[in-house]
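The lines below spell out each chain.
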Amino acid sequence: MTNQPTKSGIIAPWTAYLIVAAGMFIMLAPFYFMFVFATHSRTEIFSLPPPLFFGNDFINNLKILTERVPFWRNLGWSVYVALASTVLTLLFCSMGGYAFALFDFRGKNLLFALVMGTMLLPSFMNIIPTFMIMDALGWIDQPKALYIPGAASAFGIFLMRQFVTTSIPKELIEAARMDGCSELGIYGRIVLPLLKPALGTLALITFISSWNNFIGPLIVMRSPEMYTLPLALRSLQSPVDTEWGALMAGAAIATLPLVLLFVMTSRQLISGLTTGAVK
Amino acid sequence: MKLPAILRLSPKAVPYVLLSPFVFLFLVFGLFPLLFSLYLAFQSWEPTSGLNSMSFVGFDNFVFALKDEWFWKSLKNTGWLALAAGVPQHLIAIPLAYFIHTSFRRLRNTVVGVYFMPYITSSVAIAILFSSLFSTDFGLINIGIKTLSAIPGMASLMPASPIDWMNDADNIKPAIAVLVFWRYVGFNVVLYLAALQTIPDDIYEAATMDGASRVQKFLYITLPSLKPMIFFAVTLSVIGGLQLFEEPFILTGGRGGSDQAGMTTAIYLYRMAFDFNDFGAASAMSWLLFIVIAALTLITNRAFRPRSSAST
Amino acid sequence: MLLEPTTTTKTKTIKTEAKRVIYGLLLWGVAQGALAQHTLTVAAYPAVDEIVKSAIPAWKKLHPTVDIKVVSRQFVDHHTAMTTALSTSAYLPDVMVLEVGYLGRFAQGGGLEDLSRPPYDIKRFQTRFVPYAYQQATNRRGAVVAAPADIGPGTLLYRADILAKAGVSEAELTQSWDGYVAAGAKIKLATGANLLSHARDMKDIVIRSGILPGEGLYFDNQSNVLVTSPRFVRAFELARRVRQQKLDARVGTWTADWNEGFKRGTIATQMTGAWLAGHLNTWLAPNTKGSWRAAQLPEGAFAAYGGTFYSIPRGAAPERKQLAWEFIQLMTMNREIQVSAFKAQDAFPALLEIYDDSFFEQPIAFLGGQTARLGWRTAAKRITAVDVHKQDAFAEEVINTELDKVLDRGKDITIALADAQRLLQQRANR
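About the criteria used
Residues numbered from 1 in each chain as written. Chains lettered and ligands numbered in written order. Predicted model: local features only at pLDDT ≥ 70, side-chain atom pairs only at ≥ 80, totals over all residues. Heavy atoms only, no water. Helix = DSSP H or I, 4+ residues; strand = E, 2+ residues; numbered from the N terminus. Rg over C-alpha atoms; globule rule 2.2 N^0.38 Å. Buried < 20%, exposed > 50% of the residue type's maximum accessible area, 1.4 Å probe, protein only. Contact = heavy atoms within 4.5 Å. Areas by Shrake-Rupley, 256 points an atom, 1.4 Å probe, with all protein chains shown as cover. Lys, Arg positive; Asp, Glu negative; His and termini not counted. Charge placed at Lys NZ, Arg CZ, Asp CG, Glu CD. Salt bridge = Lys/Arg side-chain N within 4 Å of Asp/Glu carboxyl O. Polar contact = N/O pair within 3.5 Å; in protein donor to acceptor, adjacent residues only side chain to side chain. Buried area = accessible area lost by both parts, 1.4 Å probe. Nonpolar A, V, L, I, M, F, W, Y, C, P; charged D, E, K, R; others polar. Pairing = 2+ DSSP bridges. pLDDT = per-residue confidence, 0-100.

A few words on the overall build of chain C. Scanning chain C for helices and strands turns up 18 helices and eight strands. Over its C-alpha atoms chain C spans a radius of gyration of 28 Å, topping by over 25% the 22 Å that the globule rule assigns to 430 residues. The principal-axis extents of the C-alpha atoms in chain C amount to approximately 115 × 50 × 35 Å. Counting over 430 residues, chain C shows a buried share of 55%. For chain C, long-range pairs separated by at least 24 residues make up 72% of all intrachain contacts whose partners lie at least 6 apart in sequence. Surface summary for chain C: the accessible area is close to 17900 Å², and the carbon and sulfur share equals 54%. Chain C carries 51 positive and 42 negative side-chain charges, and their two centres are separated by 3 Å.

See the structure below:
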């Protein structure tokens, strides 16, 4: 390893690695325990000190889990809703972000302020009005009630606008126009490829947020077969009788697709994409 | 290949076309709840009696909120937590992202992945895990502290008896701050790392040839280039911090903790609406919070004032 | 153009045939209606959902064509969903299960059917229910908004072995609150075990004793604040004494520390609902089987911990309300259902007439063979209901906060209660 001092230049190189490694340990520890707890019965989990190594109750926990909730079906719904949500959000927010960033039109600032405004209100305050809308539309108990509204994500459009503003110069667009490229062509062939890191980030975050969202399904879903995972796992909780082992097993399994997704998209995000196009 | 005439839009029409799906969804699903909430702020409403039981009370809810001890307490808690959890996140995430960007090649994905794990973990799991970790007599955090005080020289820095994290009003706030930090530092690392990718290597090469040191490169190339992303990430932290709900909810069982030390404004709102069944006051408070967040977001905006051109 | 038959015979035949067809269709339609499948939606939460599901076979015997659909959500989520449904009168279940903690708020609202009116007329069944449970379902305007299914009679569970070691008898423990605390000191000295898990538990019971008619727990019928009355002062003083003598373990209920306290025997007593014995046995502290006993709460206090109620939302489909009421009667007044829920889920029945069942006399192994259900049965009949006020949830929070300040920070009791009074006065009339 070459000599690589950190920003301050004071700390010796190996200390920096040590700190990063210690950080990794801290980040992972609770995660590790989640998997450990998934393999123990609830009596063992609730004891102190908690179990440190894997036990042998995993199959039993799975059994309890699948008996109490239609787990695999809920997992399927979670996947479906999250995928649909991600695709729609990427599409709508990239188009919208591009529009906000590089064009001027009437009402632009007001609209953006309104959109950002929705980010400033806590989501649980929307439970009742959202319920009213879904009822009026007849979307209760249907997955589309979960992924369609979310596509108008204030976060998504904010992120996209930021990225477009900083990574795509106006001159590039002008040049493409002069070359005779159609507007939609510019969007599809020039802007989108340049937005890849942002798209990857937004995809990841949207998927995760849809995956872990429980307020939306709580409002909209009425049948246990239609629940997504967070709601299904919550229904394992009882005021006095929670099956902690099964719950942890479910939570652990629920995390795996996200890990997989991260591994897949991290190449987009992190393996670097140069902005050669700028030249 | 030329697109059919109908799809060839003029530059003037493009923004409208591109934005229309988003705006349409927004008007239906975003605007209505917003307006409903605004309307509700001026009503007195106990929800289980049905929509017809709303009665107009003018500014009564706002006056009540502004006079309410607990509302101000919650704002103070929120401010403290937003700062205590938010500031370290960025102070650590930026150098960390830079370090990972420059020092890890093959292990890069793994390292970032590990830091990102907490963000993925669901609240249900975190609730159980952290109440176990923060337990007074047997929680691993206190055990860790005890072990650290066994190291000679560290004993004076460590507290003498096990810290009661969950029940003591003074300790619940740091516990929440730790949880929030743990959960989001990786998220910010990912954001900054994505931004670091967009800085072309040749600028660094040119600087190296000019004899710039690593620190100088960081301070004069990296940081300024990261400014837009810092603005973005900090804005998110401001908004997220002021709306802090999940983490205090998890650690205090939805109540806000002893002496409401862990009660952020969002939690108080939630309790007003769903525990104390006073939806009107809850809406009024959410709008007061909105004003606070909007003000602070504007200030952040002014402070950073992102560059309009994209040249790095 | 067809030539129409002109003979009268043919027309007559057509008319008769037509009539036959029409009558046939009508009959078919009526038969369909009679055999029509209704579905009753019952909204509940764990573990009540199990109780409801296990009652379905019995229901089917009564109404073979009516299905029961159980929609079960996590406890808090369920009540949030019910609040939402009531607020918009949309997607209301036919039968709504409510826990006593939430019943108060829902009862004041007017969103639930008044079962004392025709065609339900629950008043004729009033004497069949445990009195206080029936009272809890009655709101201020006299409407009975729900029917009680199960209750949680309060009891004092204690470690007989720890008490024996300290030379404390059950009578000493339960004679009076002062005696309880004194016994606690003896226990601490002799065994090092804590008397109770948190001083707050004691405060909770003591403030419930000595409530005068016309008074709720924190407010009276005119929304005057009652927190400076003697029962609060006494409760705070006792709690402070417990803390000063280090007799409580300072752990919250349902935390890992609390659980561990039972496993390791560092908590000697717990004031709780009778159902906790079942949980201790099953998963909380099965290793302590046989060492626990149940007694009545000290100083003749009787309190309730939990309780399940069945109600009919006013906005539910009118054509199914009669069926919903029959289902509720099945769940709350049918002997077999109540007994089986008791045996399977530890759901202490609210139906008085089954209190002679032999199940009550069965010894409970976890409690060392004690026939504790007899004691709980007595307690159930002696609990008095407390009037509910809209701001009770907030008041509870305020009082707990002030208590914490008294216990942890040494705040003066009079000042603490005065502060609470002030805070509550601001909201008493909202």
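In this section: the interface of chain A and chain C. Taken residue by residue, the interface counts 27 residues in chain A and 30 residues in chain C. Our count for the contact surface shared by chain A and chain C stands at one salt bridge. For Asp77(C), the salt bridge goes to Arg234(A), with nearest N and O atoms at 2.7 Å. Remark: the boundary between chain A and chain C carries three residue pairs in polar contact (both at pLDDT 80 or more). If you list the elements that add at least two residues to the side of chain A that touches chain C, you get helix H2 (42–45), helix H6 (127–137) and helix H13 (229–234) of chain A.

Our next topic: the interface of chain B and chain A. Contacts between the two partners involve 96 residues from chain B and, on the opposite side, 101 residues from chain A. Here chain B packs against chain A, burying approximately 8800 Å² in sum over the two surfaces, 82% of which is carbon and sulfur. On the chain B side of the contact with chain A, Leu18(B), Phe22(B) and Phe29(B) bury the most area, a combined 8% of that side's loss. For the interface between chain B and chain A, the tally reads zero salt bridges. It is helix H1 (residues 14–40) of chain B that provides the largest number of residues to the side of chain B that touches chain A, a total of 18 residues. Residues belonging to the side of chain B that touches chain A are distributed by class as follows: 73 nonpolar, 18 polar and five charged.

What follows concerns unusual backbone geometry. Residue and element names in this part refer to chain C. For the peptide bond that leads from Pro46 to Ala47, omega is 0°, which places it in the cis range. Inspection of the secondary structure puts Ala47 in the loop between strand E1 (38–44) and helix H2 (48–54). Look at the link from Pro118 to Pro119: it is a cis peptide, with omega at 0°. For Pro119, the position within the fold is in the loop between helix H5 (100–109) and helix H6 (131–136). Even without glycine at this site, Asp121 takes up a positive phi of about 55°. Within the element layout of this structure, Asp121 appears in the loop between H5 and H6. We note that Ser223 has phi near 60°; this positive angle belongs to a residue other than glycine.

The subject of this paragraph is the pairing of strand E7 (residues 304–311) of chain C. Within a regular beta strand, the side chains point alternately toward one face of the sheet and then the other, so they alternate between its two faces. Residue and element names in this part refer to chain C. In this structure, strand E3 (residues 95–99) lies alongside E7, joined through four bridges in antiparallel fashion. Opposite Met96, over in E7, you have Ser311 as the bridge partner. The sheet contact formed by strand E4 (residues 147–159) and E7 spans five bridges and is antiparallel. Residue pairing in the sheet places Pro153 in a bridge with Ala304 of E7.

Residue and element names in this part refer to chain A. Taken as a whole, chain A shows an average pLDDT of 83; of its residues, 90% reach a score of 70 or greater. Taking the mean pLDDT of every element in chain A, the minimum, 80, falls on H2 and the maximum, 93, on helix H4 (residues 71–102). Below a pLDDT of 50 lies the segment residues 1–8, which in the model reaches 14 contacts outside its immediate sequence neighbourhood of four places, other chains included. Scored below 50 in pLDDT, residues 271–279 makes 14 contacts in the model with residues more than four places away or belonging to other chains.

By the definition in use, this model includes 43 salt bridges over all chains. Across the pair Lys405(C) and Asp259(B) runs a salt bridge, and its minimum N-O distance is 3.6 Å. Taken as a pair, Lys405(C) in helix H17 (residues 392–409) and Asp259(B) in the loop between helix H10 (246–252) and helix H11 (265–274) lie in two separate chains rather than in one. Looking at Lys405(C), the relative accessible area reads 22%, which means it is partly exposed. Across the pair Arg241(C) and Asp178(C) runs a salt bridge, and its minimum N-O distance is 2.8 Å. Here Asp178(C) lies in helix H9 (residues 177–191) and Arg241(C) lies in helix H11 (residues 230–244), a separation of 63 residues in the sequence. We classify Asp178(C) as partly exposed; its relative accessible area is 38%. The network of salt bridges with common partners includes Glu69(B), Lys73(B), Asp259(B), Glu402(C), Lys405(C), Lys411(C), Asp419(C) and Arg422(C).

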